[in-house]
Amino acid sequence: MSRRKPLRTPIILAIVMIVLLIVLTVGWVLLSVFGALQADHNSGFYWAVLTIGSLFIAVLLAGTILYLILSIKTINLTRRQANFIDSVTHELKSPLASMKLYLQTLNRLQVSREEQAEFHRYMLEDLERLDRLINQMLQAGRLDADDSQVSEEEVDLADLLRQIASSVCLSYRVSKDVVTLNLIPCFVRARRSDLEVVFRNLIDNAVKYAGSPPNVSVVSLRSAKGSVVVQVTDNGRGIPFHLRRKIFGRFVRLGSELERDKPGTGLGLYIAREMTRRLRGRIRIRDPKQKPGVMFEVELPKMMIVRDGTASTTVAHPPVQ
């Protein structure tokens with residue numbers, strides 16, 4: 001189930017437009033010569049060629065517009081890729097430079113045991129930062145891979161969300177009280193790794209972009225349709241309404257790369273959306289009750305296994321669209 005658009009599409013479109021232009025030009029010349037010789041515009045041949053020529057012009061115009069749209073998308077993608085390269089370069093260089101400095105300090109200077117322990121802690125944090133970056137890039141590369149052989153399991157969603165929230169708070173060295181959890185007991189049948197990727201990216205983003213003091217809430221509930229809904233809300237600056245669909249694109253980060261104060265690659269929300277689709281669910285952005293901030297809402301489909309401590313229902317999955 002590949003989502004990558006092949007490069008041959010605009011190439012074929014350009015070739016078809018060139019052929020149409022040549023045929024249209026030659027046909028128009030022949031029509032002009034024939035019309036001049038016949039001097040009779042009531043000829044059936046004349047009107048047939050005129051109709052065909054008009055259709056060719058319409059097709060050529062539509063192709064030109066489509067080609068322009070594809071070109072604009074390509075230009076935007078190129079810009080996003082340039083931003084991605086800038087951000088990845090910074091994300092790779094910063095922790096490496098930091099670890100190099102700590103190692104040089106430990107090698108050249110006599111430091112106390114307390115300072116050594118602190119240096120080791122900082123280097124471990126830098127390694128974790130690199131590990132998250134590499135994992136995120138690998139996840140983005142695997143989205144188009146066929147993993148139909150990976151088995152599903154019943155996952156305790158509430159327990160998974162607790163583990164992720166605790167891990168993210170530890171990663172950012174903030175109190176666990178920053179993330180408020182209000183979860184219902186619930187099991188879903190899915191690949192645990194997919195669920196973990198989706199909610200880790202969302203909770204990580206929420207803690208990273210939360211306001212001061214940071215306040216993040218994770219709520220799970222049962223919708224009227226029987227599906228499971230998980231809401232991740234922060235008290236950050238929020239996302240403008242007109243950019244809410246754009247931010248799910250690959251390599252998309254709001255603002256200028258040189259003016260950002262938060263690390264990132266522009267892949268987190270893209271991965272979360274694609275993984276949610278793989279789970280046959282959907283992800284959307286809503287306004288929280290208390291502004292400023294933003295709420296990401298993930299709905300897992302009714303057709304998944306959903307049960308609490310007293311009941312269990314097994315329903316077959318619908319086919320992937």
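Residues numbered from 1 in each chain as written. Predicted model: local features only at pLDDT ≥ 70, side-chain atom pairs only at ≥ 80, totals over all residues. Heavy atoms only, no water.

Undergrad: Before we go on, may I ask you to explain the sheet that holds strand E5 (residues 228–234) in this structure?
TA: What holds strands together in a sheet is hydrogen bonding between their backbones, with the strands either parallel or antiparallel. Strand order in the open sheet formed by five strands is E2-E4-E5-E7-E6, and the pairing between neighbours is mixed. Two strands close off the open sheet at either side, each with one partner strand: strand E2 (179–182) and strand E6 (282–286). Strand-to-strand twist of the sheet, defined as the mean angle between neighbouring strand axes without regard to direction, takes the value 15 degrees. On the sheet, helix H4 (residues 157–171) packs against E2, strand E4 (216–222), E5 and strand E7 (294–300) and is oriented at approximately 175 degrees with respect to E2. (Pairing = 2+ DSSP bridges. Helix = DSSP H or I, 4+ residues; strand = E, 2+ residues; numbered from the N terminus. Axes fitted to C-alpha atoms, helices over the stretch in contact; angles between N-to-C directions. Contact = heavy atoms within 4.5 Å.)

Undergrad: I tried to follow the packing of aromatic side chains on my own but got confused; where do I start?
TA: Two measures describe an aromatic ring pair: the distance that separates the ring centres and the angle between the ring planes. Taken as a whole, this structure holds three aromatic pairs when the rule is applied. With a centroid separation of 5.6 Å and an interplanar angle of 25 degrees, the aromatic rings of Tyr102 and Tyr122 are classed as stacked. Of this pair, Tyr102 sits in helix H2 (residues 44–108) while Tyr122 is found in helix H3 (residues 113–142), placing the two residues 20 residues apart along the sequence. The interplanar angle of 85 degrees and the centroid separation of 6.3 Å between the aromatic rings of Phe248 and Phe296 together place this pair among those described as edge-to-face. Taken together, the residues Phe248 in the loop between E5 and helix H6 (268–278) and Phe296 in strand E7 connect sequence positions 48 residues apart. (Phe/Tyr/Trp six-rings, centres within 6.5 Å; stacked < 30°, edge-to-face > 60°.)

Undergrad: Before we go on, may I ask you to explain the environment of Ser94 in this structure?
TA: Along the polypeptide, Ser94 turns up in helix H2. Look at Ser94 and you get partly exposed, because its relative accessible area is 26%. Separated by 36 residues in the primary sequence, Ser94 and Leu130 have C-alpha atoms spaced 9.6 Å apart. (Buried < 20%, exposed > 50% of the residue type's maximum accessible area, 1.4 Å probe, protein only.)

Undergrad: In this structure, what is going on with the pattern of salt bridges? I would like to understand it.
TA: Any two side chains of opposite charge can pair, so long as their charged atoms come close to each other. Across all of its chains, the model carries ten salt bridges by this definition. With a closest N to O distance of 3.5 Å, Glu196 and Arg200 form a salt bridge. Remark: Arg200 and Glu196 occur in helix H5 (residues 192–208); sequence separation between them is four residues, near one turn of the helix. Note on Glu196: relative accessible area 30%, which makes it partly exposed. Notably, a salt bridge pairs Asp287 with Arg244, separated by 2.4 Å at the nearest N-O pair. Highlighted residues: Asp287 in the loop between E6 and E7 and Arg244 in the loop between E5 and H6, separated in sequence by 43 residues. Given the relative accessible area of 42%, Asp287 is considered partly exposed. Classification of Arg244 by relative accessible area gives buried; the value is 12%. Through salt bridges with shared partners, a single network forms among Arg282, Arg284, Arg286, Glu297 and Glu299. (Salt bridge = Lys/Arg side-chain N within 4 Å of Asp/Glu carboxyl O.)

Undergrad: Before we go on, may I ask you to explain the packing of H5 against H6 in this structure?
TA: Any two packed helices are characterised by the angle at which their axes cross and by the distance between the axes. H6 packs onto H5 with a crossing angle of 145 degrees between their chain directions and a minimal axis gap of 9 Å. Of the two elements, H5 crosses H6, and the hand of that crossing is left-handed. Contacts from Asp194, Val197, Val198, Asn201, Leu202 and Asn205 of H5 reach H6 at Gly268, Leu269, Ile271, Ala272, Met275, Thr276 and Arg278. The residue makeup of the contact of H5 with H6, split by class, is seven nonpolar, four polar and two charged. (Left-handed = near helix turned anticlockwise from the far one by under 90°. Nonpolar A, V, L, I, M, F, W, Y, C, P; charged D, E, K, R; others polar.)

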